[in-house]
Amino acid sequence: MLFALHQMKMEQEAKEAQKSVQPNSSSGNGKEFKVPVVWILGGPGSGKGTQCDKIVAKYGFSHFSTGDLLREEVASGSDLGKELSALMQRGDLVQNEHVLALLEKAMLKVADSTVGYLIDGYPREKAQGAAFEQAIAPVDLILYLECAEDTMVQRILFRASQSAQVRADDNEATIKNRIHIFHTNTEEILSQYGEKVKRLPADRPIEEIFADVSKHLDELLAAKK
């Protein structure tokens with residue numbers, strides 16, 4: 001009798017967990033979340049962090065940065081966290097399947113309460129975008145903060161000059177190389193998504209950029225209703 005009750009409880013919990021998603025007929029094993037899934041991309045110094053903060057404040061989106069999720073998992077002391085810590089200490093790349101698993105776990109955790117998902121700085125490569133849609137959900141909108149290389153370099157160097165901690169890679173040659181790699185990878189990612197991509201000039205004042213961000217999010221939210 002107790003076993004039967006336990007089974008019924010587990011089945012009910014499974015059904016509740018699935019209410020926030022529904023099968024996605026066009027993307028393999030992915031799930032179609034009822035609320036928008038937005039990727040925000042931008043090179044180092046593009047102002048992406050500032051725009052993310054403003055999106056969360058205005059719209060109440062759940063904001064997930066893969067770097068933050070990895071650090072939180074390591075800090076938790078879980079078996080996966082220990083494995084990730086060992087990888088990072090060796091300088092090895094974290095497998096994309098681990099990153100996706102952390103993203104999906106975080107997204108499902110707030111599925112019943114969030115108005116949208118803001119995925120920050122992911123994907124970083126073309127294959128990662130396809131993997132996200134296959135494993136988790138199709139993306140609804142991609143906000144890309146385009147910024148001139150010279151502007152990003154100057155912003156990063158200024159930020160470094162104001163920091164008490166000096167990073168070895170905060171020099172102009174290294175920064176330019178990071179930006180070049182970012183641009184190459186990002187253009188390959190964006191080429192797959194057509195009209196879902198919204199390119200926003202990021203050399204402008206913060207509020208002007210956010211006005212464009214808000215316009216695209218308002219349109220998306222209206223279409224999702």
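Residues numbered from 1 in each chain as written. Predicted model: local features only at pLDDT ≥ 70, side-chain atom pairs only at ≥ 80, totals over all residues. Heavy atoms only, no water.

A. Structural view of the overall build of the protein. Of the regular secondary structure elements, the protein holds 9 helices and 7 strands. Scored against the burial criterion, the 225 residues of the protein give a buried share of 39%. The contacts in the protein between residues at least 6 apart in sequence include a share of 75% that link residues at least 24 apart. If you sum the accessible surface of the protein, you get close to 12800 Å²; carbon and sulfur atoms cover 53% of it. (Helix = DSSP H or I, 4+ residues; strand = E, 2+ residues; numbered from the N terminus. Buried < 20%, exposed > 50% of the residue type's maximum accessible area, 1.4 Å probe, protein only. Contact = heavy atoms within 4.5 Å. Areas by Shrake-Rupley, 256 points an atom, 1.4 Å probe, with all protein chains shown as cover.)

B. Looking closely at the confidence of the model for the protein. Mean pLDDT over the protein works out to 82, with 81% of the residues at or above the 70 mark. Predicted confidence for residues 1-30 stays below pLDDT 50, and this span has 27 contacts to residues more than four positions away or in other chains. (pLDDT = per-residue confidence, 0-100.)

C. Here's a closer look at the packing of aromatic side chains. Inspection of every chain in the model, using the stated rule, returns 6 aromatic pairs. Measuring from ring centre to ring centre gives 5.4 Å for Trp 39 and Phe 132, while their planes differ by 85°; the resulting arrangement is edge-to-face. Here Trp 39, found in strand S3 (residues 37-42), pairs with Phe 132, found in helix H6 (residues 126-135); they are 93 residues apart in sequence, far enough to count as distant. The exposure class assigned to Phe 132 is buried, which follows from its relative accessible area of 0%. Ring centres of Trp 39 and Tyr 193 lie 5.4 Å apart, and the angle between their planes is 85°; this geometry places the pair in the edge-to-face category. In this pair, Trp 39 is assigned in strand S3 and Tyr 193 in the loop between helix H8 (172-190) and strand S7 (197-201), connecting sequence segments 154 residues apart. Tyr 193 matches Trp 39 in its accessibility class, with the two residues each being buried. Among the aromatic residues, ring-to-ring pairing joins Trp 39, Tyr 122, Phe 132 and Tyr 193 into one connected group. Here the guanidinium or amino end of Lys 54 rests over the ring plane of Phe 210, the centre of that ring lying 5.1 Å away. (Phe/Tyr/Trp six-rings, centres within 6.5 Å; stacked < 30°, edge-to-face > 60°. Lys NZ or Arg CZ within 6 Å of the ring centre and 35° of its normal.)

D. Looking closely at the nonpolar core. If you look at the biggest cluster of nonpolar residues, it comprises 30 residues, and the most contacted ones within it are Leu 103, Ile 119 and Phe 132. Sorting the residues of this core by element identifies S3, helix H3 (66-76), helix H4 (79-90), helix H5 (96-109), strand S5 (117-120), strand S6 (141-146) and H8 as the ones contributing at least two each. Every residue in contact with Phe 132, bar those within four places of it in the chain, is listed here: Val 37, Trp 39, Leu 100, Leu 103, Met 107, Ile 119, Tyr 122 and Ala 137. Val 38, Ile 156, Ala 202 and Ile 209 belong to the second-largest nonpolar core, a separate cluster that totals 23 residues. (Core = buried A, V, L, I, M, F, W, Y, C linked by side-chain atoms within 4.5 Å.)

E. Inspection of helix H9 (residues 206-224) at higher detail. End to end, H9 covers 27 Å across 19 residues, agreeing with the expected 27 Å (1.5 Å per residue, within 8%). Of the positions making up H9, those classed as buried are Ile 209, Phe 210, Val 213, Ser 214, His 216, Leu 217 and Leu 220. Summarising the contacts, the buried residues of H9 are in contact with S3, helix H2 (48-59), S6 and S7. (Expected span 1.5 Å × (residues − 1).)

F. View of the pairing of S6. Among the 6 residues in S6, 5 count as buried, and that is most of the element. As paired strands, S3 and S6 are joined by 5 bridges and run parallel to one another. Counted as the bridge partner of Gly 42 is Leu 145 from S6. The sheet contact formed by S6 and S7 spans 5 bridges and is parallel. Within the sheet, the bridge partner assigned to Tyr 144 lies in S7 and is Arg 199. (Pairing = 2+ DSSP bridges.)

G. Seen up close, the environment of Leu 102. Considering the arrangement of structural elements, one finds Leu 102 in helix H5. Excluding anything up to four places from it in sequence, Leu 102 contacts Leu 69, Leu 70, Glu 73, Leu 80 and Leu 84.

H. Structural view of the sheet that holds S5. With parallel pairing, 5 strands are arranged side by side in an open sheet as S4-S5-S3-S6-S7. Edge strands, defined here as strands with exactly one partner in the open sheet, are strand S4 (62-65) and S7. In this sheet, adjacent strand axes meet at a mean angle of 20° when their direction is disregarded. Bridge count for S4 against S5 is 4 bridges, and the pairing is parallel. Within the sheet, the bridge partner assigned to Ser 62 lies in S5 and is Tyr 117. Here H8 sits on the sheet and contacts S3, S6 and S7; the angle it forms with S6, its principal contact strand, is near 150°. Along the sheet, H9 makes contact with S3, S6 and S7, crossing S6 at roughly 170°. (Axes fitted to C-alpha atoms, helices over the stretch in contact; angles between N-to-C directions.)

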